[in-house]
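# Structure at a glance
Now for the letters of each chain:
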Amino acid sequence: MTAPLADDRAYCRAVLPRVSRTFALNIRLLPGELGDAVHTGYLLCRAADALEDSWPGSPAEISARFDLALASMAGDAAAAEELARGAAALAAGRDDLELVASFPRVWRVWRALPQHDRAALAECVRTLAAGMSRYAARAAARPAGAPYLDTEAELHDYCWVVAGCVGVMLTRLFATRLAEADPARAALRLALAPAVGESLQLTNILLDWPADVRRGRCYVPATWLAERGLSPTDLVGADRPEVRALAQRLESLARAALVRVPDYVETLPAGAVRIRLFCLWPARWALASLEHARRDPEFPWGPRRPRLPRARLWAAALASLLAHRDGALRKLRGAAATA
């Protein structure tokens, strides 16, 4: 028997803190219908992440799972159910796969959203799922431990398909709630949206380096490694000047994208304080995390990701209460540019 929609919505609210450490904090800033749409979009994207990160298989098996996700976003309820059944056998004790095993519940909440919100989420998840499928299936056909990405261009493309498109989705959700009288400013906001997602993705790629490389997932492009005469396994376990140089190169890309976040926020009406803060909190957390990582004498070759203490998370969030104002945004822009 299908659960009532109210039960599905309650499930979505309850599962979010289990699959996100920080997003569960700033989603509280978005009220009502907008918050519901963003919440649902995050869970759909998080389910796609699990298909890429936590459900191994052959290239054909991986592609088939993503095909089910794509079909479900075209409105196919049977595809959503089939995807969930496949995940259920592996899901016990694994929060992200348990989310996939309950995917029809999230799907039904998505289907109940207003049409403009439903369309924005579907476009994002289609971009994300198609891109992830391409990279994950290719990786499954390669030798274990091979770099996941070949070139810097692929690094930027990967950031687009897993995060830049999310920035576009959020911008489209915001647009239906903002009284925007300037078409040029709205167009600029949409053009800047991918950089907002890329800034956070590049930061996470750098911070997750210790764990990702050890589990056989190296996002440092193969061409970067070749330039330094390194293999993925050389990126962890020992302090090397070449490894420091690659980490600095990746950090520089993350900061270059973070510099553009204040530009994006400035396109939002000054009165849209909650939306401004929703966008600023993750950027400030990313900057604080980069600084925290710099102070870790074992990063990035050490055994663990440097995690920003919860007190620092809230301190950065509270600082944003003033930093969302256009004049104060210049300071954030300067901090992001400091390499």
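Summarised in this report is the structure supplied together with it.

Procedures and definitions
- Residues numbered from 1 in each chain as written.
- Predicted model: local features only at pLDDT ≥ 70, side-chain atom pairs only at ≥ 80, totals over all residues.
- Heavy atoms only, no water.
- Helix = DSSP H or I, 4+ residues; strand = E, 2+ residues; numbered from the N terminus.
- Rg over C-alpha atoms; globule rule 2.2 N^0.38 Å.
- Buried < 20%, exposed > 50% of the residue type's maximum accessible area, 1.4 Å probe, protein only.
- Areas by Shrake-Rupley, 256 points an atom, 1.4 Å probe, with all protein chains shown as cover.
- Lys, Arg positive; Asp, Glu negative; His and termini not counted.
- Charge placed at Lys NZ, Arg CZ, Asp CG, Glu CD.
- Salt bridge = Lys/Arg side-chain N within 4 Å of Asp/Glu carboxyl O.
- Axes fitted to C-alpha atoms, helices over the stretch in contact; angles between N-to-C directions.
- Parallel < 35°, antiparallel > 145°, perpendicular 65-115°, else oblique.
- Left-handed = near helix turned anticlockwise from the far one by under 90°.
- Contact = heavy atoms within 4.5 Å.
- Expected span 1.5 Å × (residues − 1).
- Arc of directions from axis to C-beta.
- Phe/Tyr/Trp six-rings, centres within 6.5 Å; stacked < 30°, edge-to-face > 60°.
- Core = buried A, V, L, I, M, F, W, Y, C linked by side-chain atoms within 4.5 Å.

## Quick notes on the overall build of the protein
Broken down by element type, the protein carries 17 helices and zero strands. Relative to its length of 339 residues, the protein is compact, with a C-alpha radius of gyration of 20 Å against a globular reference of 20 Å. Judged by the C-alpha coordinates and their principal axes, the protein covers about 60 × 50 × 35 Å. Per-residue burial for the protein yields a buried fraction of 51% across its 339 residues. Of the roughly 14,300 Å² that the protein leaves accessible, carbon and sulfur atoms contribute 56%. Of the side-chain charges in the protein, 44 are positive and 37 negative, and the distance between the mean point of each set is 5 Å.

## Observations regarding the pattern of salt bridges
Throughout the structure, instances matching the rule amount to 23 salt bridges. Across the pair Arg-108 and Asp-8 runs a salt bridge whose closest N-O atoms are separated by 2.8 Å. Of this pair, Arg-108 sits in helix H7 (residues 103-111) while Asp-8 sits in helix H1 (residues 5-19), and the two are 100 residues apart along the sequence. Considered together, Arg-108 and Asp-8 belong to a single accessibility category, that of buried residues. Beyond isolated ion pairs, a larger network of salt bridges with shared partners links Asp-8, Glu-81, Arg-105 and Arg-108.

## Notes on the packing of H1 against helix H3 (residues 32-53)
Viewed as axis vectors pointing N to C, H1 and H3 meet at an angle of 55°, and their least axial separation amounts to 11 Å. Looking at the two axes, H1 sits oblique to H3. In terms of crossing hand, the pair formed by H1 and H3 is left-handed. For the pair formed by H1 and H3, the contact residues are Cys-12, Arg-13, Val-15, Leu-16 and Val-19 on the first element and His-39, Tyr-42, Leu-43 and Arg-46 on the second.

## As for the environment of Ala-175
With respect to the secondary-structure elements, Ala-175 resides in helix H9 (residues 152-175). Remark: the alpha-carbon pair of Ala-175 and Pro-221, spanning 46 residues in sequence, is separated by 35 Å.

## Examining the environment of Asp-263
Assignment of secondary structure puts Asp-263 in helix H14 (residues 260-266). Judged by its relative accessible area of 26%, Asp-263 falls in the partly exposed class. For the pair Asp-263 and Met-73, spaced 190 residues apart in sequence, the C-alpha to C-alpha distance is 32 Å.

## Notes on the side chain of Glu-154
Its location among the elements puts Glu-154 in helix H9. Among the residues examined, Glu-154 registers a relative accessible area of 18% and is labelled buried. Those residues in contact with Glu-154 that sit more than four places away from it in its chain are Tyr-135, Arg-138 and Leu-149.

## Re helix H4 (residues 59-73)
For H4, built from 15 residues, the straight-helix expectation of 21 Å at 1.5 Å per residue is met to within 8% by its first-to-last C-alpha distance of 21 Å. Taken together, the buried positions of H4 are occupied by Ile-62, Arg-65, Phe-66, Leu-68, Ala-69, Ser-72 and Met-73. In a view along the axis of H4, the buried residues occupy a sector of 145°, so they form one face of it. Elements that come into contact with the buried residues of H4 comprise H3, helix H5 (77-88), H7 and helix H8 (115-140). Immediately downstream of H4, the backbone of Gly-75 shows phi near 105°, a positive value.

## A short note on the packing of aromatic side chains
Scanning the entire structure with this criterion turns up 10 aromatic pairs. Judged by centre distance (4.3 Å) and plane angle (10°), the rings of Phe-23 and Tyr-42 are stacked. Here the residue Phe-23 occupies a position in helix H2 (residues 23-26), and Tyr-42 occupies one in helix H3, the gap between them amounting to 19 residues. With relative accessibility at 14%, the residue Phe-23 sits in the buried group. Centre to centre, the rings of Tyr-148 and Tyr-158 are 5.8 Å apart; their planes meet at 85°, and the pair counts as edge-to-face. A residue pair is termed long-range when its members are at least 10 positions apart, and Tyr-148 in the loop between H8 and H9 and Tyr-158 in helix H9 qualify at 10 residues.

## Considering the nonpolar core
Within the largest apolar cluster, 114 residues are counted, with the highest numbers of intra-cluster contacts made by Phe-174, Trp-209 and Leu-235. Of the residues forming this core, the biggest block, 13 residues, is contributed by helix H15 (residues 273-294). For Trp-209, the residues in contact, after removing those within four places along its chain, are Val-220, Leu-235, Val-236, Val-243, Leu-246, Ala-247, Leu-250 and Pro-300.

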